[in-house]
Each structure stands twice: as structure tokens, then as C-alpha cells.
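# Structural overview for review
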Amino acid sequence: MTAKPDAAAAARPHRKAHHKGRLDWRVLVDWLREDGLVTPGDAQRTHQRLAAGASAQHPLVRLANVGLLHAGTGKPLDTESLTEWLAGRAGVDYLRIDPLKVDVGRVADVMSINYAEKRRCLPVQVGSAEITIATCEPFDTDWVDEIEGHTRKRIRLVVASPFYTLAKSVKAATKNGQVSGPANFEQLVELGKSKQLDANDQGIVQVVDWLWQYAFDQRASDIHLEPRRDMGAVRFRIDGVMHTVYQLPLTVMGAMTSRIKLLGRMDVVEKRRPLDGRIKTRNPSGDEVEMRLSTLPTAFGEKLVMRIFDPDTTVKSLDALGFSSHDAQRWEQLVTRPHGVILVTGPTGSGKTTTLYSTLKRLATDEVNVCTIEDPIEMIEPAFNQTQVQPQLDLNFANGLRALMRQDPDIIMVGEVRDLETAEMAIQAALTGHLVFTTLHTNDAAAAITRLLDLGVPSYLISATVLGVLAQRLVRTLCPHCKQPDEAFSRDTLAAAIAPWRMSGAFKPHRPVGCIECRMTGFQGRAGLYELLTVSEALKPHLTQTPDLSRLRHQATQDGMRPLRLAGAMKVAEGLTTLDEVLRATPSWEA
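The protein chain is annotated in an unreviewed UniProt entry as Type II secretion system protein E from Caldimonas caldifontis. Under the heading Sequence similarities (unreviewed entry), UniProt records this for the protein chain: "Belongs to the GSP E family."

Quick look at the structure:
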């Protein structure tokens, strides 16, 4: 995380301020008027409105809440834009704080939480000779000499918007009692010997609420609460990559876990075995978000993972999923067939569930009955009749599918084919006039055929029922805010990486740069790569008990299949991702 000179503010007409001490909203309003950011009339009205009452809010926050508009552009003057302007006024670099980039472990060595709150500052980067400290009070700097003397390092100040971090809630939660968390496995299994903070404590409620809202804001797909030897780690998975967000005392993390388990209707006392649960909440925009909970006993305590299923990201159009027009048309033709088996394959986390839910959502009209058997149910969808596998009740995929056959279904989705019994039931359902969707774990589309053969499914049944196989992967997409054309990248470089194919058509590769919007990673979001094998009449002769995979793949490409690596290369040529991302995510092609 690096501070940037406030070029935008420097371009605006303003004078460097001469001020000492804490900011006052009256002074800020006068400066805004002097710099031409607000009209004299708006300045007068703001004075009248804010003078009517006192507030403990920071002056920048108070001004942002008034709803001032920039006199030149007409855009709202929110907290960030006001802070950026203030940085220019103070002659100090502006920084938009990203907690994912704060060196949490080393920040505590610089100053205590009490000191940071009192001085309204936050260390954001600790180097060998310099410490970068963000402040929302750039004219209150009497403490700088004190910190430089304490750390024996140079202090570099940057201006950031008033920050209200997790630290305050953690501090409040910890105040309610000092309780030693489980330090080893023996303590973990001896229940009831260690006291726990109250899961309904106000501080714990605030911490959990902050965690969820921040995860939604950062587009996290998973939240991990991981107890370690001395501290607990909070980590987010964003665009497939893990980020450490915060470190917590084990006492607080234990209480957070209890709070979340309580909301998920899980056994709060049971910590010796894995548990599953679900929670429904709302994101900052008010939309309902569902989370799947999973706990696991570890050496230092109970680990909790929350998988976030946002309806906006789980059910998408084919374009939003990343389908090319070529594959989208072929997929539409496949899923509108009246009966047969359609397989979706790929490793865990490759987006199979999103593809299936998005497809089934469009097929689930009032005229059809869509039934699913899942382990677990990823997301509750009112348009489906969903059943969860329950091994303790002898309800596995095969038995569940057998029961679904008596429920008059038109379309059936089986979470995964894991054994011959489930495969046989899926094929039987297809033979009796049902459209069946299911998943497998294989490297590519052609390997799904050999996987069914390995399970014991006869080749003639595969030929008679399987309509097609969709293999997929996810790759990170370049940040649209900072990506730049890659002039050094050539068609020959791309062709060499995806041989034996040659690229044609538009060619505009880009490279990652990094900005505040993408947390300096250069990537924002993910898109799917797809390889769709259709079982054509020309392909069926290759479906023998001992198929030649190279011939199978060759015929599939003749029928219109674009291999995963080629699909990725096309996105590189379009400037949507990078060659390194594609090579990392896709298997090599052997035909």
C-alpha cells in the first residue's frame, strides 16, 4: 500500500493552509469556499445547519453528511473526496487506507490502541528506517517527535479519511473479561473447563457485524476465522486469493465463533467434531445474502469458515459467467434438450455450482419441475425443490435420486457423481425421459468420459445418455481501472503458449498495474473459461470401453469444442486477463 501525491487536488486552485491543532468544521467550510469547491451560498447554509447542534463526529464526516456538491462538477463531496482535498491543503500525501494491506502484526509495536485513538492516527506501514502513519488531523502533529524518539525511526505522515477500525470493537469485547483461549489439542477436547466471553456481548456483536459488512464490501467469497498459538487470524478469500485482514486475541475469536454458531443454529458447546450451519443476513445495499458455515477442530481451537453466496454473483447470465458467444450458443442448445445427462467438470472452486445454478434458474419456469439432491445445499433457491444428502439417515446421492424419480421431476440436478450406484441412477433417470445435470472432478471434458468408464458405466449407456460435458476454470480478470496495453506482448508469444492454434481477429493484450480499486493487485473479479464437448454422432464411435483420448479430443474439436487453454488465450487477446493466469489455471492440451 503506497500513498500517492494528490495530483487531482494539486490541480485545483487552493492555498496551503496555515493552521495548528485539531480541525474545526467552520475552518474547513471557509477553506472550501476559498478554493471554489462550494459556493458562498452553500457555505452560509452549511454554517447555519451545523451551528444548530454539536456532534462528536469528525468535521470531515459532518461535512460529508450535509450533502454538499462540488461547485464545478456537481458531484457529491463525500468523505474521501473531502479528505483528498484536505491533503492538498495541508501539503501532505493522500492515502486511501486498505485494511488488507495494513501490517497488523507490526502496527502494535509502534503505538497502543489507546494512543492511536487519542491522536486519531494509524500506523499503516512499518519499514526498517521509516514508519508511515495515516492521520485525519494533519495539523495536530505534536506527537510525531514522541513516536520518532520511541521507535528511533523517521515518521512519514499521510492524510486518510477518518477511520473506524475493528480495533475499537475488539478492545470493547476484550474489556469484558480476560479469558485464556485453548492453547493446545488437549484443552480443545476437554469441554467446559475454560470460560468463554458472552456471544451476545455488545462488543462481539459489533465485531461480527463489521466483519460481515467488510467482507461484502471487499467481494470476499469466504471468511476464515483461524485460531493460532498466540493470536487468531481473520482471512478473506478474494478472487481466489487469501488475504489476512486482522489478528484477534483468542478470547475474542472464540466468542465470535460462538456468536456465529449461535446465529447459524449450531451446537455452541460441541467443539470436538465438525459442524455445518447456515446464516442469512443483508449486505450494505440491503440485499439478502446467505452464508454456509463450517467448523473444524484444529490444534489451537475451533476453525470457522463462512462461504458467502451473494445472489448477484451466484446467479448470472452466460455473458457474465464468461461464456463466449460460440460456447453460449452451443450450451443453450444442449440444456434445452428434453432428456439426457449433462456433466459439468472441474476442480473444487472452479465455479461449477455457479454455472449450474445460473443455468437451472433460467430453466425453472412454471411449466417444469426442477428437483435437486445436494451435499450440502449451496444456496436456497425458491424455484427449485432442493434436498440435502444426510448420511446419518441413509440418504445419499443414489437413494435421494431414487426418491426424486417418484416426485414427477422434469429436470434433476445431482450434486456429484461419486460412485457407480449414483451414476447408474442418473443414467436411468435420463433413459426414462428426464434431463439430468451433475458434476465430476476431472481435468478436462474428455476425461469425464473415462471417469464414468472407470466407475463401471458401460460405454453403450454413455453413448445413449450423455449429451455433453462442460469443463471449466476460473481466472482473475484485469482491473478495468488500472490495466494498461502490453505493447511488448505479441501474437507469436501467445501462439507459442497455446500451440497448435494460431490466434486471429482482434488483438489487444493488457498487463496488470495495480491501484486502490484492486488493492494494488492488478486484478478485480474472475471470469470462467469453458471447454464444451458435445456427444455428436461423429463422436459416438469413439466411446468404447477403452477410448483413445487423443482421438476423442480431436473429434470434439472438429465438432466445435474450444479447449480451455484456447478459451483462455482468446481472453488474453481481448485484454481481459493475462497469459500467466491462463497457464496457471488450465491443463496442457494433448491431442
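This brings us to the overall build of the protein chain. Of the regular secondary structure elements, the protein chain holds 24 helices and 18 strands. Buried residues in the protein chain amount to 51% of all 591 residues. Of the contacts formed within the protein chain by residues at least 6 apart in sequence, a portion of 65% connects residues at least 24 apart. For the protein chain, the exposed area adds up to about 27300 Å²; of that, 49% sits on carbon and sulfur atoms.

Glancing now at the UniProt feature "domain: Bacterial type II secretion system protein E" (unreviewed entry) in the protein chain. Look at the UniProt record and you will see "domain: Bacterial type II secretion system protein E" (unreviewed entry) annotated at residues 405-419. Structurally, residues 405-419 is divided into 0% helix and 27% strand, and its ends, taken at the C-alpha atoms, are 18 Å apart.

Next up on the list: the pairing of strand β13 (residues 411-414). Neither face of β13 is left uncovered, since the one carrying Ile411 and Met413 and the one carrying Ile412 and Val414 both have all their residues buried. Inspection of the sheet shows strand β11 (residues 370-374) paired to β13 by four bridges, in the parallel sense. Directly across from Thr372, in β13, lies its bridge partner Met413. Alignment of β13 against strand β14 (residues 435-440), held across four bridges, turns out to be parallel. Counted as the bridge partner of Met413 is Phe437 from β14. What joins β13 to β14 is helix α18 (residues 420-431), and the crossover it makes is right-handed.

Here we take up the sheet that holds strand β2 (residues 130-135). Spatial ordering of the open sheet is given by β1-β2-β3, a layout of three strands whose pairing is mixed. This sheet does not close on itself; its edge strands, each paired only once, are β1 (121-126) and β3 (154-159). Across the sheet, the mean angle separating the axes of adjacent strands is 30 degrees when strand polarity is ignored. In this sheet, β3 lies alongside β2 in parallel orientation, the contact comprising six bridges. The residue bridging Ile133 from the neighbouring strand is Leu157, located in β3. Against the sheet, helix α8 (residues 144-151) touches β2 and β3, its axis set at about 135 degrees to β3.

Parameters at a glance
- Residues numbered from 1 in each chain as written.
- Predicted model: local features only at pLDDT ≥ 70, side-chain atom pairs only at ≥ 80, totals over all residues.
- Heavy atoms only, no water.
- UniProt positions renumbered as here; feature names shortened; annotations may be inferred.
- Helix = DSSP H or I, 4+ residues; strand = E, 2+ residues; numbered from the N terminus.
- Buried < 20%, exposed > 50% of the residue type's maximum accessible area, 1.4 Å probe, protein only.
- Contact = heavy atoms within 4.5 Å.
- Areas by Shrake-Rupley, 256 points an atom, 1.4 Å probe, with all protein chains shown as cover.
- Pairing = 2+ DSSP bridges.
- Right-handed = clockwise from strand over helix to strand, strands pointing away.
- Axes fitted to C-alpha atoms, helices over the stretch in contact; angles between N-to-C directions.

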